Amino acid sequence: MSERELQVDQQIITDKDFELAIKTSTFVKVVQNGMQIRPISTIAGYNPDAIRMKDGSVVHRNANSFFAIANPEKA
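Please read these numbers as outputs of a predicted model, since none were measured by experiment. (Residues numbered from 1 in each chain as written. Predicted model: local features only at pLDDT ≥ 70, side-chain atom pairs only at ≥ 80, totals over all residues. Heavy atoms only, no water.)

Moving on, we get to the sheet that holds strand β3 (residues 35-36). Taken in spatial order, the four strands line up as β1-β7-β2-β3 in an open sheet, and their pairing is antiparallel. Each edge of the open sheet is held by one strand with a lone partner, namely β1 (11-12) and β3. Alignment of strand β2 (residues 27-32) against strand β7 (residues 65-70), held across five bridges, turns out to be antiparallel. Across the sheet, Val30 pairs through a bridge with Phe66, a residue of β7. (Pairing = 2+ DSSP bridges. Helix = DSSP H or I, 4+ residues; strand = E, 2+ residues; numbered from the N terminus.)

Rendered as structure tokens:
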């Protein structure tokens, strides 16, 4: 089965990227203006406006960038 995988340091942009990050419990770094603004966490859910992280925080989707850090299944 050749399922698409998120690569380390890949920016998560599309709905499919967010769905894959949730499915694979990929750790994600949230960046705003070049600075990491939240502790690294996994994504719990998303909608067109916001991303809900597993730590309970909600991050505005369009004002921040999201980058894959690691997939625990591969660690």
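The antiparallel open sheet is built from three strands, whose spatial order is β4-β5-β6. Strands at the two margins of the open sheet, each flanked by one partner only, are β4 (43-46) and β6 (58-60). Across the sheet, the mean angle from the axis of one strand to that of its neighbour is 25°, orientation sign disregarded. Taken together, the three bridges between strand β5 (residues 50-53) and β6 define a ladder with antiparallel strand orientation. Pairing of Ala50 across the sheet is with His60, part of β6. Along the sheet face, helix α1 (residues 15-23) touches β4 and β5 and points at about 150° away from the line of β4. (Axes fitted to C-alpha atoms, helices over the stretch in contact; angles between N-to-C directions. Contact = heavy atoms within 4.5 Å.)

Geometric values such as these leave the question of function open.
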